[in-house]
Amino acid sequence: MPLAGAPGVGAASYEPRAMEGTVLHRVVRENFETFRAEIAARTDGGGLPQFVEREFIDFLTCGVLSRGFARVRCEGCAFERLVPFSCKRRGFCPSCGGRRMAELAAHLVDAVLPHVPVRQWVLTLPYRLRYLLAWNHQLCRAVLAVHVRAVLGFYRRRARRRGVPDGRGGAVTVIQRFGGGLQLNVHFHSLLLDGVFAEAADGTLEFDPADPPSEEDVARLLATIRRRVLRLLARRGLAVEDAPDGDPLAEESPALAGISSAAVQGRVALGPRAGARVIQIGREPDAPWVTSRGPCQAHLEGFDLHAAITVAADDRTALERLARYVLRPPVAQDRLALTPDGQVLLSLKADWADGTTHLLFEPIEFLEKLAALTPRPRINLVIYHGILAPHARARAQAVARGPVTSSTQQRPPVAKEPGADAPRQTPEPSRVSTPEAPPQESRPRGPEKPRDWAWADLMRRVFDLDVLACPRCGGRMSVIATIEAGEVMRMILGHLGLPTEPPKPLPARSPPGAHDLFPDSPA
């Protein structure tokens, strides 16, 4: 069961979410077919890529009982509730994105990032480069490699000046594809170990913390990154300033290329306002655009590097909060509202420098932004580097640094998971590797995906909410069955008087102002 929509800390009892009542679900259900029809009309029937359409269609079934559910029963009073499955998409669904955020953040804090200081380095890129990287994942990884190698090299050089000749740093990078106003903004959030590991005389790893970088250090580093990125683009026949001779995305999907280009620039691609800027509320028209140049930040011709946020070595709560921030989904339910005339109002988390506090979208404009933010399937958006990379020689020693010897010892007792995923077998404590394990079991391995977090444990960790406490008698609840067979689902839901079919998009509407040129009645 995904996290978004669950009760907050201190709630008396847990109630499964109802996605059908949210603004996002309503806008998608009422306008998706109209959006798809307009895309088809603009591209002579070309339409959107299949993976983008699937994102919208599956989102409408997220948290819907008629798609499948788990039966959870109290062992004491036999109270039962049905917990629906999720869509498991990774585009814009707040629930699935919320669960993925919490699960991976817990994994990073418990099993990847050692107990050393961590600094966040954020690299933002020029508009044209954002468009190039949005759908060329190979190029995106290459630019990211330039960025991370430059910062890791910066740490190594400083360590050498302190007398540490063979320092090795490490990082975890999240490739974010969105900005606060739903712009298509591909940029990198890298959590770097704020220092380097070095091997001591007895073969153990010692951590050498780094001094905070100065504004001049960040500026020189940004200039180096920019120069190397431009050199990389030149080798591949690309240029940030000029349009390339061929656009692979436009050749594959002209509709998605147009939507993505508009999303990068904060403009509208469809409807009567095509080409215009997104409506900004609270904006001061005469206010100059001010680029923040705070501590540890530099800006150069569209490239921006920020490194002011740090977390102390043993402040694991702050580290997990930072990890959730960089892993957050693009859309938050509580920031969306519908105006009386059906427009979508997005509240910005922080006011923009020109005074903008809200953005106003027509429903079709809003859906085009969501389509542009949907990543291609089967690409990695979380990348490990340096000593934290998969199969790094000293990764196991580096990760083990700290008071916690096993991530499983931090977790509460594992409960069966009745939510988003079908119940999975979780390793018993006796099967977790121990110091007495054979040598082959202790070899350095890459970061494993966090597949063993139970739904109830994750809800307890994030919201301090015991979802398996019976609301009637306070006893313990457990999963007794997962129901996915169509006939069985319909029989149970029909008996309870609940909808037996998942919601479907409403039929497409005619464009505003369109008239019937061939009325049935004679003139």
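Scroll up to find the structure.
These numbers were taken from a predicted model, which means no experiment stands behind them.

1. Thoughts on the sheet that holds strand β4 (residues 170-178)
For step 1, the next point in the chain: Overall, antiparallel pairing links the 6 strands, which are arranged β9-β10-β3-β5-β4-β14 in an open sheet. Strand pairing shows two members of the sheet lacking a second neighbour, β9 (297-300) and β14 (382-386), which therefore form its edges. In this sheet, neighbouring strand axes are inclined to one another by 20 degrees on average, regardless of whether the strands run parallel or antiparallel.

2. Topic: the packing of helix α8 (residues 254-265) against helix α10 (residues 363-373)
For step 1, the next point in the chain: Relative orientation of the contacting elements α8 and α10 amounts to 100 degrees, with a least axis distance of 9 Å. The angle between α8 and α10 places the two elements in the roughly perpendicular class. When α8 is examined against α10, the residues L256, I259, S260, A262 and A263 are found in contact with a partner set consisting of E368, K369, A371 and A372.
For step 2, the next point in the chain: When its residues are assigned to classes, the contact of α8 with α10 shows 6 nonpolar, 1 polar and 2 charged.

3. Details of the sheet that holds strand β13 (residues 358-361)
For step 1, the next point in the chain: On the basis of which strands lie adjacent, the open sheet formed by 4 strands has the order β8-β13-β12-β11 and antiparallel pairing. The open sheet terminates on both sides in strands that have one partner only, identified here as β8 (279-281) and β11 (336-338). Here the strands of the sheet are splayed against their neighbours by 30 degrees on average, with no regard to which way each runs.
For step 2, the next point in the chain: One ladder, built from 4 bridges, connects strand β12 (residues 344-347) with β13; its direction is antiparallel. Among the inter-strand pairings, L346 is bridged to a residue of β13, identified as L359.
For step 3, the next point in the chain: Contacts between helix α1 (residues 23-42) and the sheet are confined to β11 and β12, with β11 contributing the most and set at about 55 degrees to the helix.
For step 4, the next point in the chain: Sitting on the sheet, α10 is in contact with β11, β12 and β13, with an inclination near 110 degrees to β13.

4. Points about the packing of helix α4 (residues 127-135) against helix α5 (residues 137-161)
For step 1, the next point in the chain: Relative orientation of the contacting elements α4 and α5 amounts to 120 degrees, with a least axis distance of 5 Å. In terms of their interaxial angle, α4 and α5 are classed as oblique. Between α4, through L132, L133 and W135, and α5, the contact on the second element is made entirely by H137, L139, C140 and V143.
For step 2, the next point in the chain: Of the residues belonging to the contact of α4 with α5, the class tally is 6 nonpolar, 1 polar and no charged.

5. Re the pattern of salt bridges
For step 1, the next point in the chain: Throughout the structure, instances matching the rule amount to 22 salt bridges.
For step 2, the next point in the chain: Between R26 and E30 there is a salt bridge, with its nearest N and O atoms 3.2 Å apart. In this pair, R26 and E30 both sit in helix α1, 4 residues apart, roughly one turn of the helix.
For step 3, the next point in the chain: For R26, a relative accessible area of 45% corresponds to the partly exposed category.
For step 4, the next point in the chain: Two residues, R119 and D194, come together in a salt bridge whose shortest N-O distance is 3.4 Å. Remark: D194 occurs in the loop between β5 (184-193) and β6 (195-199) and R119 occurs in strand β3 (residues 118-124); sequence separation between them is 75 residues. For the pair R119 and D194, one class covers both residues: buried.
For step 5, the next point in the chain: Several salt bridges share partner residues, and in doing so they unite R54, E55, D58 and R89 into one network.

6. Quick notes on the environment of L270
For step 1, the next point in the chain: Mapping L270 onto the fold places it in the loop between α8 and β8.
For step 2, the next point in the chain: A sequence separation of 228 residues divides L270 from R42, and the C-alpha atoms of the two residues are 8.6 Å apart.
For step 3, the next point in the chain: Residues within four places of L270 in sequence aside, it is in contact with F35, E38, I39, R42, I364 and E368.

7. Observations concerning empty space enclosed by the protein
For step 1, the next point in the chain: A full pass over the atoms with the stated rule returns 1 cavity of 30 Å³ or more.
For step 2, the next point in the chain: The space that makes up the largest cavity amounts to roughly 80 Å³.
For step 3, the next point in the chain: Together, L133, A134, W135, N136, H137, C140, I175, R177, V186, R376, I379 and L381 line the largest cavity.
For step 4, the next point in the chain: Taken together, the elements giving at least two residues each to the lining of the largest cavity come down to α4, α5 and β4.
For step 5, the next point in the chain: At 3 residues, α4 tops the list of elements feeding residues into the lining of the largest cavity.
For step 6, the next point in the chain: Among the residues forming the lining of the largest cavity, the class breakdown is 8 nonpolar, 2 polar and 2 charged.

Reading the values: rules and limits
Residues numbered from 1 in each chain as written. Predicted model: local features only at pLDDT ≥ 70, side-chain atom pairs only at ≥ 80, totals over all residues. Heavy atoms only, no water. Pairing = 2+ DSSP bridges. Helix = DSSP H or I, 4+ residues; strand = E, 2+ residues; numbered from the N terminus. Axes fitted to C-alpha atoms, helices over the stretch in contact; angles between N-to-C directions. Parallel < 35°, antiparallel > 145°, perpendicular 65-115°, else oblique. Contact = heavy atoms within 4.5 Å. Nonpolar A, V, L, I, M, F, W, Y, C, P; charged D, E, K, R; others polar. Salt bridge = Lys/Arg side-chain N within 4 Å of Asp/Glu carboxyl O. Buried < 20%, exposed > 50% of the residue type's maximum accessible area, 1.4 Å probe, protein only. 1 Å grid on protein atoms, 1.4 Å probe; cavity = no way out; pocket = protein on both sides within 12 Å on 5 of 7 lines; lining within 4 Å. Points joined across faces, edges and corners; volume = space filled by probe spheres on them.

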